[in-house]
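Below, each chain spelled out in residue letters.
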Amino acid sequence: MTLLETTPASPVPAAAPTGRPNLAGMTRGEIAGALREFGLPEHEIRMRTNQLWHWIYFRGARDFTEMLNISKRLRATLADAFELRLPEIIEEQLSVDGTRKWLLRLAPVGPQDKGAEIECVYIPESDRGTLCVSSQVGCTLTCSFCHTGTQRLVRNLTTAEIVGQLLVARQRLGDFPGRERPVDGLVPDGEGLRAVSNIVFMGMGEPLYNLEHVAPAIETMADGDGLSLSKRRITVSTSGVAPQIERLGAETGAMLAISLHAVRDDIRNTLVPLNKKYPIRELLQACRDYPGASNARRITFEYVMLKGVNDSPAEARELVRLLKGVPAKINLIPFNPWPGAPYECSDWETIERFSDIVFNAGYASPVRTPRGRDILAACGQLKSETEKLRARARLASG
Ligand code: SAH
Ligand code: SF4
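Here the structure is a predicted model, which is why all the values come from computation and not from measurement. (Residues numbered from 1 in each chain as written. Chains lettered and ligands numbered in written order. Predicted model: local features only at pLDDT ≥ 70, side-chain atom pairs only at ≥ 80, totals over all residues. Heavy atoms only, no water.)

### Observations regarding the overall build of the protein chain
Consideration 1: The helix and strand inventory of the protein chain stands at 11 helices and 12 strands.
Consideration 2: In the protein chain, buried positions account for 55% of the 398 residues.
Consideration 3: In the protein chain, once contacts between residues fewer than 6 apart in sequence are set aside, the share between residues at least 24 apart is 67%.
Consideration 4: Summing over all exposed atoms, the protein chain offers an accessible surface of approximately 17600 Å²; the carbon and sulfur share of this is 52%. (Helix = DSSP H or I, 4+ residues; strand = E, 2+ residues; numbered from the N terminus. Buried < 20%, exposed > 50% of the residue type's maximum accessible area, 1.4 Å probe, protein only. Contact = heavy atoms within 4.5 Å. Areas by Shrake-Rupley, 256 points an atom, 1.4 Å probe, with all protein chains shown as cover.)

Next up, the structure:
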């Protein structure tokens, strides 16, 4: 596959940081709190919060001047006191299969900070559009097959930075009422389908190490008067932070995905070192106890196919045995290579043999088609392009 297009200039430029509170990405409670602090009379706060919520999240307003049911005077006052700032798209790559990867720069969080960068991927299919969002800059965990895990700089994203990824995507894809969709790419083609209908927390970072911000971000994304994503279409993937799994279910009602990748603790210890803390047994118990899991709301088990490491027929049979009694879907992920990775992807015949065993045990279409491979947008590859870009920029500047 070849790289179709790279756009260095930002199609959605961010407003320059002003130091004013940024309303874009705030929860309802935060907007109300900001208005209160600003000094708006108490009896107006609820109504103004609802108005701002509608404009920011339902209509996708980028400017206070668009908010026509608010008086001109108050619009000007709000514009002086607050801002509507989104993460900035500093590069967009469009794959031949329609997948888009955005390199986003976040607003600086302190005087020394130039603004951290994260990646976010959009995957269009005929009946849905999935946005893969990041929950952290980098990741503190060091899964041996994952490129994100080799990144040094790590911090938790704020709620606004997580919600901001969806806002940026909807802006760029014209996914708000009355906005034009881009002509150069694919979006779902059914009548009334939104460009972004699904969210997966499978970008950079471990979401259950940042539940404090992930949970309110999910609430904001799922709010029916705003971004309106169905919670059944929001999936949080974890490498296995067992003690946080119940909290995720109780606080968000999101769908759960587990990065299992091995059926024995000794192998999983090397692939997902967190397994030494929370071994397979404990992890699966947390899954059995996951609030709201049922045959209609299954837990997805992700299993990356690594040649000669975890891909034998015996392991496929053990996988099926382990998951007995758990309402589960199985997702086999062909390993996505990155420069210097210590693994190879299993051969196609091996994946097929493994998948047949899983299929015959009653799990439908278990192999995930890699998307956006030409732009290194697939699972576990988010990082490399950022570093390559920097290297390229260094070369270009002499
Ligand atoms: N930290 C969370 C979510 C982000 S990773 C987690 O680990 O679940 C999203 C998925 O991509 C996980 O299942 C992860 O194991 C998988 N992944 C990471 N690197 C990969 C690679 N190089 N090839 C295929 N899948 C990979
Ligand atoms: Fe972190 Fe997930 Fe990558 Fe592991 S697979 S290093 S938890 S992002």
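Still more to cover.
### A closer look at the site of ligand 2
Consideration 1: Taken together, Cys139, Leu141, Cys143, Cys146, Gly149, Gly205 and Ser239 make up the full set of residues near ligand 2.
Consideration 2: Tallied by class, the residues present in the shell around ligand 2 amount to four nonpolar, three polar and no charged. (Near = heavy atom within 4 Å. Nonpolar A, V, L, I, M, F, W, Y, C, P; charged D, E, K, R; others polar.)

### Some points on unusual backbone geometry
Consideration 1: The phi dihedral of serine 228 falls on the positive side, at around 60°, and the residue is not glycine.
Consideration 2: Following the sequence through the fold, serine 228 ends up in the loop between helix H5 (211-222) and strand S9 (234-238).
Consideration 3: Phi is positive for histidine 261, which is not a glycine, with a value near 70°.
Consideration 4: Counting through the fold element by element, histidine 261 comes out in the loop between strand S10 (255-259) and helix H7 (265-271).

### Things to note about the packing of aromatic side chains
Consideration 1: A full pass over the atoms with the stated rule returns five aromatic pairs.
Consideration 2: Ring geometry for tryptophan 53 versus tyrosine 57: centroids 4.5 Å apart, planes at 65°, classification edge-to-face. Pair noted here: tryptophan 53 and tyrosine 57 are both in helix H2 (residues 42-58), with a separation of four residues, about one helical turn.
Consideration 3: The residue whose ring lies beneath arginine 28 is tryptophan 53, and the NZ or CZ to ring-centre distance is 4.5 Å. (Phe/Tyr/Trp six-rings, centres within 6.5 Å; stacked < 30°, edge-to-face > 60°. Lys NZ or Arg CZ within 6 Å of the ring centre and 35° of its normal.)

### Overview of the packing of H5 against helix H6 (residues 242-252)
Consideration 1: At a minimum axis distance of 10 Å, the contact between H5 and H6 shows a crossing angle of 25°. Between H5 and H6, the crossing angle belongs to the class labelled roughly parallel. The element H5 and its partner H6 pack so that their crossing is right-handed. Residues Leu211, Glu212, Ala215, Ile218 and Glu219 of H5 form the contact with H6, whose own contacting residues are Gln244, Arg247, Leu248, Glu251 and Thr252.
Consideration 2: In terms of residue class, the contact of H5 with H6 is made up of four nonpolar, two polar and four charged. (Axes fitted to C-alpha atoms, helices over the stretch in contact; angles between N-to-C directions. Parallel < 35°, antiparallel > 145°, perpendicular 65-115°, else oblique. Left-handed = near helix turned anticlockwise from the far one by under 90°.)

### Focus on the pairing of strand S3 (residues 100-105)
Consideration 1: Buried residues dominate S3, accounting for five of its six residues.
Consideration 2: Bridging between strand S2 (residues 88-95) and S3 involves six bridges; their strand directions are antiparallel. Opposite glutamate 91, over in S3, you have leucine 103 as the bridge partner.
Consideration 3: Between the antiparallel neighbours S2 and S3 lie four residues, among them glycine 98 with a positive phi of about 95°.
Consideration 4: Of the strand pairs in this sheet, S3 and strand S4 (residues 117-125) are connected by six bridges, and their pairing is antiparallel. Across the sheet, residue lysine 101 finds its bridge partner in S4, namely valine 121. (Pairing = 2+ DSSP bridges.)

### Considerations on the pattern of salt bridges
Consideration 1: Within the structure shown, the criterion is met by 21 salt bridges.
Consideration 2: Across the pair glutamate 66 and arginine 179 runs a salt bridge, and its minimum N-O distance is 3.2 Å. Linking glutamate 66 in the loop between H2 and helix H3 (72-81) with arginine 179 in the loop between helix H4 (159-172) and strand S8 (198-201), this pair joins segments that are 113 residues apart in sequence.
Consideration 3: Here glutamate 66 falls in the partly exposed class, since its relative accessible area comes to 27%. (Salt bridge = Lys/Arg side-chain N within 4 Å of Asp/Glu carboxyl O.)

### Some details on the site of ligand 1
Consideration 1: Around ligand 1, the structure places 22 residues, and the nearest of them are Gly205, Ser237, Ser259, His261 and Asn336.
Consideration 2: In this structure, an oxygen atom belonging to ligand 1 sits 2.6 Å away from a side-chain N or O atom of serine 237.
Consideration 3: Serine 259 places a side-chain nitrogen or oxygen 2.6 Å from an oxygen atom of ligand 1.
Consideration 4: About the coverage of ligand 1: the protein hides 96% of its 530 Å² of free accessible area.
Consideration 5: For the shell around ligand 1, the secondary-structure elements that each account for two or more residues are S9, strand S11 (299-305) and strand S12 (328-334). (Polar contact = N/O pair within 3.5 Å; in protein donor to acceptor, adjacent residues only side chain to side chain.)

### Things to note about the layout of surface pockets
Consideration 1: Taken as a whole, the largest pocket encloses approximately 1300 Å³ of empty space.
Consideration 2: As for the largest pocket, its lining consists of 40 residues, of which Glu125, Arg128, Val200, Asn331 and Arg368 are closest to the centre.
Consideration 3: Of the residues that constitute the lining of the largest pocket, the class distribution is 22 nonpolar, 10 polar and eight charged. (1 Å grid on protein atoms, 1.4 Å probe; cavity = no way out; pocket = protein on both sides within 12 Å on 5 of 7 lines; lining within 4 Å. Points joined across faces, edges and corners; volume = space filled by probe spheres on them.)

### Overview of the side chain of arginine 48
Consideration 1: Mapped onto the fold, arginine 48 is located in helix H2.
Consideration 2: Taking relative accessible area as the criterion, arginine 48 reaches 15% and is therefore assigned buried.
Consideration 3: Non-local contacts of arginine 48, meaning those with residues more than four positions away in its chain, are made with Leu35, Leu40, Ile70 and Leu74.

### Some points on the nonpolar core
Consideration 1: Grouped together as the largest cluster of nonpolar side chains are 111 residues, with contacts concentrated most on Leu131, Phe145, Ile199 and Phe301.
Consideration 2: For this core, the element with the most residues is H5, which contributes seven residues.
Consideration 3: Looking at this core, you find at least three residues from each of domain 1 (28-81) and domain 2 (88-390).
Consideration 4: Not counting the four nearest positions on each side in its chain, phenylalanine 301 is found in contact with Ile258, Leu260, Leu284, Cys287, Leu323, Val326, Ala328, Lys329, Ile330 and Asn331.
Consideration 5: Grouped together as the second largest cluster of nonpolar side chains are six residues, Val121, Ile123, Cys132 and Val200 included. (Core = buried A, V, L, I, M, F, W, Y, C linked by side-chain atoms within 4.5 Å. Domains from an automatic or database assignment.)

### Examining the side chain of serine 355
Consideration 1: One can find serine 355 in helix H10 (residues 348-360).
Consideration 2: Judged by relative accessible area, serine 355 falls into the buried class, the value being 11%.
Consideration 3: Once you skip the residues sitting within four places of it in the chain, serine 355 turns out to touch Leu332, Pro366 and Val367.

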